[in-house]
Amino acid sequence: MSAPSSKPTVSEREAREVAEAAREQEWRKPSFAKELFLGRFRLDLVHPHPMPSTEAAQRGEEFLAKLRDFCETKVDGALIEREARIPDEVINGLKELGALGMKIDTKYGGLGLTQVYYNKALALAGSASPAIGVLLSAHQSIGVPQPLKLFGTAEQKETFLPRCARTDISAFLLTEPDVGSDPARLATSAVPDGDDYVLDGVKLWTTNGVVADLLVVMARVPKSEDHRGGITAFVVETNSPGITVENRNAFMGLRGIENGVTRFHQVRVPAANRIGPEGAGLKIALTTLNTGRLSLPASCVAAGKWCLKIAREWSAAREQWGKPLAHHEAVGSKISFIAATTFALEAVTDLASQMADEDRNDIRIEGALAKLFASEQAWLMADELVQIRGGRGFETAASLAARGERAVPAEQVLRDLRINRIFEGSTEIMHLLIAREAVDAHLSVAGDLIDPEKSLTDKAKAGATAGVFYAKWLPKLVAGQGQLPYSYGEFKHEVDLSHHLRYVERTARKLARSTFYAMSRWQGRMETKQGFLGRIVDIGAELFAMSAVCVRAELLRTTEDHGREAYQLADTFCHQSRIRIEELFGRLWTNTDDLDRKVVKGVMSGTYVWLEDGIVDASGEGPWIADATPGPSEKENVHRPIN
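Rules and cut-offs
Residues numbered from 1 in each chain as written. Predicted model: local features only at pLDDT ≥ 70, side-chain atom pairs only at ≥ 80, totals over all residues. Heavy atoms only, no water. Patch = residues over 30% accessible without salt bridge, like charges linked within 9 Å, V, L, I, M, F, W, Y side chains within 5 Å. Areas by Shrake-Rupley, 256 points an atom, 1.4 Å probe, with all protein chains shown as cover. Salt bridge = Lys/Arg side-chain N within 4 Å of Asp/Glu carboxyl O. Helix = DSSP H or I, 4+ residues; strand = E, 2+ residues; numbered from the N terminus. Buried < 20%, exposed > 50% of the residue type's maximum accessible area, 1.4 Å probe, protein only. Core = buried A, V, L, I, M, F, W, Y, C linked by side-chain atoms within 4.5 Å. Contact = heavy atoms within 4.5 Å. Phe/Tyr/Trp six-rings, centres within 6.5 Å; stacked < 30°, edge-to-face > 60°. Lys NZ or Arg CZ within 6 Å of the ring centre and 35° of its normal. pLDDT = per-residue confidence, 0-100. Axes fitted to C-alpha atoms, helices over the stretch in contact; angles between N-to-C directions. Parallel < 35°, antiparallel > 145°, perpendicular 65-115°, else oblique. Nonpolar A, V, L, I, M, F, W, Y, C, P; charged D, E, K, R; others polar. Left-handed = near helix turned anticlockwise from the far one by under 90°. Expected span 1.5 Å × (residues − 1). Arc of directions from axis to C-beta.

### A word on a nonpolar patch on the surface
A surface patch of nonpolar side chains, about 380 Å² in accessible area, is lined by Val599, Val600, Val603 and Met604. By the secondary structure assignment, methionine 604 is in helix H23 (residues 593–605). Overall, methionine 604 belongs to the exposed group, its relative accessible area being 69%.

### Describing the pattern of salt bridges
Under the counting rule described, the total for this entry stands at 41 salt bridges. Arginine 640 serves as the salt-bridge partner of aspartate 88, at 2.8 Å between the closest nitrogen and oxygen. Residue aspartate 88 is located in helix H5 (residues 88–97), and its partner arginine 640 is located in the segment after H23; the two are separated by 552 residues in the primary sequence. Overlapping salt bridges bring together Arg85, Asp88, Arg248, Glu258 and Arg640 as one network.

### So, the nonpolar core
Leu369, Ile434 and Val549 are the most contacted members of the largest nonpolar core, which has 94 residues in total. The element contributing the most residues to this core is helix H21 (residues 530–559), with 16 residues. Setting aside residues up to four positions removed in sequence, leucine 369 forms contacts with Ala33, Phe37, Ile434, Val537, Gly540, Ala541 and Phe544. Core analysis: the second largest hydrophobic core is formed by 35 residues, Cys71, Ile91, Leu122 and Ile642 among them.

### Comments concerning the packing of aromatic side chains
On inspection of all chains with the given rule, the structure shows 14 aromatic pairs. Relative to phenylalanine 573, the ring of phenylalanine 373 has its centre 6.2 Å away and its plane inclined at 90 degrees; by these criteria the two rings are edge-to-face. With phenylalanine 373 in helix H13 (residues 364–389) and phenylalanine 573 in helix H22 (residues 563–589), this residue pair connects regions lying 200 residues apart in the sequence. Phenylalanine 373 sits in the buried class, given a relative accessible area of 6%. The rings of Phe32, Phe41, Tyr488 and Phe544 are connected pair by pair, giving a single aromatic cluster. Sitting over the ring of tryptophan 27, lysine 34 keeps its end group 5.3 Å from the ring centre. If you follow arginine 364 out to its NZ or CZ, it ends over the ring of tryptophan 27, 3.7 Å from the centre.

### What to know about unusual backbone geometry
The omega torsion across histidine 47 and proline 48 is 0 degrees, close enough to zero to call that bond cis. Within the element layout of this structure, proline 48 appears in the loop between helix H2 (32–37) and helix H3 (54–74). Look at leucine 254: it is not a glycine, yet its phi comes out positive at around 50 degrees. Residue position: leucine 254 is located in the loop between strand S6 (243–248) and strand S7 (259–270). One non-glycine residue, tyrosine 488, lies in positive phi territory at about 60 degrees. Residue position: tyrosine 488 is located in the loop between helix H19 (456–473) and helix H20 (498–522).

### A look at the confidence of the model for the chain
Interpretation of the predicted coordinates at a detailed level should be avoided for regions scoring low in pLDDT. On average, residues of the chain carry a pLDDT of 93, and 98% of them reach 70 or more. Low confidence marks residues 1–5, where pLDDT is under 50. Its contacts with residues over four positions away, or in another chain, come to 10 contacts.

### Details of the side chain of threonine 287
Examined against the element boundaries, threonine 287 turns out to sit in helix H10 (residues 281–292). Look at threonine 287 and you get buried, because its relative accessible area is 17%. Once residues within four sequence positions are removed from consideration, threonine 287 is found in contact with Glu24, Leu150 and Phe151.

### Overview of the packing of helix H17 (residues 427–438) against H21
Running from N to C, H17 and H21 point in directions that differ by 75 degrees, and their axes come no closer than 9 Å. When the interaxial angle is binned, H17 and H21 end up roughly perpendicular. Residues His431, Leu432, Ile434 and Ala435 of H17 form the contact with H21, whose own contacting residues are Gln530, Leu533, Gly534, Val537 and Asp538. Of the residues assigned to the contact of H17 with H21, the class counts are five nonpolar, three polar and one charged.

### As for the packing of helix H11 (residues 295–317) against helix H16 (residues 410–418)
Put simply, H11 and H16 touch, their axes get as near as 12 Å, and they point 160 degrees apart. Between H11 and H16, the crossing angle belongs to the class labelled roughly antiparallel. Read as a crossing pair, H11 and H16 show a hand that is left-handed. Contact with H11, carried on its side by Ala303, Trp306 and Cys307, involves Ala410, Val413 and Leu417 of H16 and no other residues of that element. Of the residues that constitute the contact of H11 with H16, the class distribution is six nonpolar, no polar and no charged.

### A few points about H19
Every α-helix winds through 3.6 residues per turn, so residues three or four apart in the chain are directed the same way. With 18 residues, H19 should cover 26 Å at 1.5 Å per step; its first-to-last C-alpha distance of 25 Å lies within 8% of that length. Inspection of H19 places Ala462, Ala466, Phe469, Tyr470 and Trp473 among the buried residues, and these make up the whole buried set. Projected down its long axis, H19 carries its buried residues within an arc of 90 degrees, all on one side. Turned more than 90 degrees away from the buried face of H19 sit Leu456, Ala460, Lys461, Val468, Ala471 and Lys472, all of them exposed.

Spelled out as structure tokens, the structure:
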């Protein structure tokens, strides 16, 4: 029953194998984004734009109205930022409102909102205070409710979901002090002992962990004669003996979130609390994130809308050289970028969310692209707003108010948004994750050809299979609807979007050809070309966004009063996107990747250490990574349940 004394030692290949085993291996449903990366523009999968049912929309709008009133009357975002804590009465008010159960089925006491309206609610709450948006999304998107919804037993759902819907806050615990996006090295153990498992280990960056009542914990079960073993998911009661929240972490942004370090020492967890079979923990986590990641784009949409509002109002009030700031081209281009990009982020988020609700398509790539694209673009929008505001953008809201001006927290929004490029898969990890899914069809037919450990017989079989696949696939990349001048004519009105969709179709084929050429050139070394793969993914993200804005503009043209304006925004975004895409294509083959690798080798070997002369390092003393050796806690428990 004793816990392992050291972290697992794994090779690079073993780490990849763990990650590969955790991903969904098959594609049982169509995927718009997967087809896009293969050079096939399946507009029929997203157009006409899917819509929620009348009943779902009515239920969602009714809750949004209640939530808006609560946020306007009960939430003081400046207070939360100043005190770095959400007041207990606000959290209790959210509980009474049913906000903890937005995604939980009504039969368990939840509100049963769709993904679309759940995201709209997160955007609304997050605009009042980003910390509240994080509290609600960490609880429902990756905390106990979502894994149980997808993988829980009937008994587990009956036991935990009613609590999560109304009273209990949950958190998700995967990361460790020395384990992030490489879960093969996960050290927290869950040792079987009779009808229980005994947990030992330390978890880092446990969002909601300081106030949580229930935890989803990922731990490694040792393999034995009676146990399959592997990384496994458990529901754990936070008040169990042996659990200590050792620290409440503080960050540059999101100052009100309850994020901590949690230690487990000989914590007994009933086997009945295991989610799914042993060894399925990572698959459960990744599947949960397919839709869980959509909460981040929702917060980015809210930030974009706020940035646009402030940019508009400020640029009309502030005069420079005899005319409003907005009428100067250097500033106007920034406002145009914010407006067009906000429209795009809402289009991408709503489309991916509605596709998740329909459950007609596999959205694992769409959800990841939405998270990647939104987190990067929102950061740029906030940065542009700070620039538009000038010195006032760098000044805190409290300081502005103290000298008699409107308390506009532009610098706070910039700080708060920065983590989205790291949360739930950093941009760099998202590039690799999406790239793996994007080339899945190629690896399925030709993977053995580029695997150095496969036998000649296996390579011969793979060669035959690949030959058949590419003989059919490659000719289809030569020509398509994008070369026909009247294609997608239903998107041509006073403003013409049809030529943008023709561009998407042509460019998808070009993207697929580029990917195939790279695989032919680098073969087994393709996975090391992370710069190239990142650009391939970024091009795919832009194409997905272009598709989404055109489809949304057409939806608004046929259902809303401002369809013409939607077409204008879509047209502007697509032109901006096309410029970025062409730059990315140029950088596929003309870049400094090889030079960068040489410089990195020099930096790490100490060749350029002289370049660091002339400074004082203000960093404090201590190890780069905190000790996470299993054992009893020596610190005070700072767990703070909300009563």
